[in-house]
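Observations on the three-dimensional arrangement
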Amino acid sequence: MRKQFFQLFIFLVSVFPAAGQETHTLSLSLPEVMARARTNSVDAEVALNQLKSAYWSYRSYRAELLPEVALSATVPSYHKQYSPYMDDNGSYSFVRNNYLQMNGELSVAQNIWLTGGKISVNSSLDFYRQLGSSAFNRYMSIPVAITLNQPIFGVNNLKWNRKIEPVRYDEAKARFLSASEDVATTAIQYYFSLLMAKENYQIAVQNLENSERLYEVAKEKREMGRISQNDLLQMELNLLNARTDMTDCESNLKSNMFQLRSFLDYEEDVEIEPEIPLDVPEVEIAYADALEKALDNNQFAKQMIRRQLEADYEVAKAKGAQREINLFAQIGYTGTDHTFAGGYQNLKDNQVVEIGFEIPLVDWGRRKGKVKVAESNRRLVESQVRQETQNFRQNLFILVERYGNQLRQLQTARRADEIAQKRYATNVETFLIGKISTLDLNDSRVKKDEARREYVNELYSFWLYYYQIRSLTLWDYQRNTGIDSDFDAIVK
């Protein structure tokens, strides 16, 4: 019921434009429609936003491999409060504190992708001022310190990211290109829906004109006794059916017009006039060549690689979590004094080395179980990849075969349409001089309409198969070059 109301709404909006709104006709070829769809349709905008999201995710990953310069500071930190204090005998008392504290640190850090650790160079300064009657200042400086944080035996996240993230971004770029071709495919579907509706409407108009003409001739022949009353009634019935068909075709034409116009983001005062694309790319496509290009360019191939790498990564993480050992080491110099300059004099060594570890003694097989789960998931991914690869090859093979057959079917349908049009025109003239019956005339009319519709359908199937192959292979067979874009310019 909702679907019927929606169709009625589209029809009413199409049939009754806004008051005072003038429409103008815009003739568009199929390439022009596809070009506009790639830039103005909502589907194209969604694909672009997905690409931008993947781009900035990739940029974030790349930034992790570059040095990071950071400045942190607390200016100031003021305290005036009571704090607990333990006396020599072990009892606690509260002492009054009144001081001002400031500190700052400048650091340059670099992730080490080869080992998964992190090294940094730091310089810091702490200032402490005791307030009150016995006020004094205190400075502590660390002019330079080199710090290393290094996990041992754990998973190297940076190393795995260097394997996965470039593949993920390549997959996103291929997905964008395929989505652009899919937008063109959707434009083809809407375009040919409108084109078929237009052809049906023109057929209906022509049939109505012929039916009116033939009915008038039939009435004259009946008055002269040259045809039977049954033939006259049949001609009148044909006329009524032709009027009904024209009304239905007109409604269908306007609703398909509304659909394509909305997809291309045109205003409601635009009436699109589709043109039959007579020139088709008559290129031969071999399955082996298409498969090679698809495995090199399509997002599917890159997705399979990424999924396999992610499954291996999960196994590595599960194994690395069985034992955790971390190394922390810092070497540098430090100084302290009541003055700022004195804090950088008479420096002393500042060295810290820590090794921490966590090794489970009894965990009832929890960590081992996680490793087994990760390994099972990896085997599952491998099986899924093999199955999906077989399906991908099979679907591509079927598509290439259909495309090859479609070119021949299109040529046959084009010739059949020409013959049917000529045969019907001849039969109309023959009927006027009374040499064929209404049954023969109706048969030729039906065959003429069917041949025209079949030609448009075969043309639609050809373009659909061709762009589906382009979407899978990301290859322009007319220009014999790969489909690519300036991604840096697109995402900025």
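Figured I'd write up the structure that's included with this text. A quick note: this is a predicted structure, and the numbers were derived from the prediction, not measured.

Rules used in this analysis
- Residues numbered from 1 in each chain as written.
- Predicted model: local features only at pLDDT ≥ 70, side-chain atom pairs only at ≥ 80, totals over all residues.
- Heavy atoms only, no water.
- 1 Å grid on protein atoms, 1.4 Å probe; cavity = no way out; pocket = protein on both sides within 12 Å on 5 of 7 lines; lining within 4 Å.
- Points joined across faces, edges and corners; volume = space filled by probe spheres on them.
- Helix = DSSP H or I, 4+ residues; strand = E, 2+ residues; numbered from the N terminus.
- Nonpolar A, V, L, I, M, F, W, Y, C, P; charged D, E, K, R; others polar.
- Buried < 20%, exposed > 50% of the residue type's maximum accessible area, 1.4 Å probe, protein only.
- Contact = heavy atoms within 4.5 Å.
- Expected span 1.5 Å × (residues − 1).
- Pairing = 2+ DSSP bridges.

**Quick notes on empty space enclosed by the protein**
Under the criterion given, the structure shown has two cavities of 30 Å³ or more. The volume enclosed by the largest cavity comes to roughly 60 Å³. Around the largest cavity, the lining residues are N207, S211, L214, M235, N238, Y424, L441, N442 and R445. At the level of elements, α4 (157-223), α5 (229-263) and α9 (438-473) are the ones that each hand at least two residues to the lining of the largest cavity. A per-class count over the lining of the largest cavity returns four nonpolar, four polar and one charged.

**Some thoughts on unusual backbone geometry**
Between V75 and P76 the backbone carries a cis peptide bond, its omega angle lying at -5°. Note on placement: P76 falls in strand β2 (residues 68-86). A positive phi angle is found at D265, which is not glycine, with a value near 65°. Position of D265 relative to the elements: it lies in the loop between α5 and β6 (270-274). One non-glycine residue with positive phi stands out, namely N346, at about 50°. Inspection of the secondary structure assignment puts N346 in the loop between β7 (324-337) and β8 (348-358). Looking at N346, the relative accessible area reads 68%, which means it is exposed.

**Section: the side chain of R470**
Following the sequence through the fold, R470 ends up in helix α9. In contact with R470, other than residues within four places in its own chain, are R38, E181, W475, D476 and I483.

**Some thoughts on helix α8 (residues 366-432)**
With 67 residues, α8 should reach 99 Å at 1.5 Å per residue; the first-to-last C-alpha distance of 92 Å fits that figure. Phi turns positive, to about 80°, at G434, one or two residues after α8.

**Quick look at the pairing of strand β3 (residues 92-112)**
In this structure, β2 lies alongside β3, joined through 17 bridges in antiparallel fashion. What sits directly across from Y82, in β3, is R96. The hairpin turn running from β2 into β3, its antiparallel successor, is five residues long, and G90 in that turn takes a positive phi close to 90°. If you look at the hairpin formed by β3 and strand β4 (residues 117-130), you'll find four residues sitting between the two strands, and G116 has a positive phi there, around 85°.

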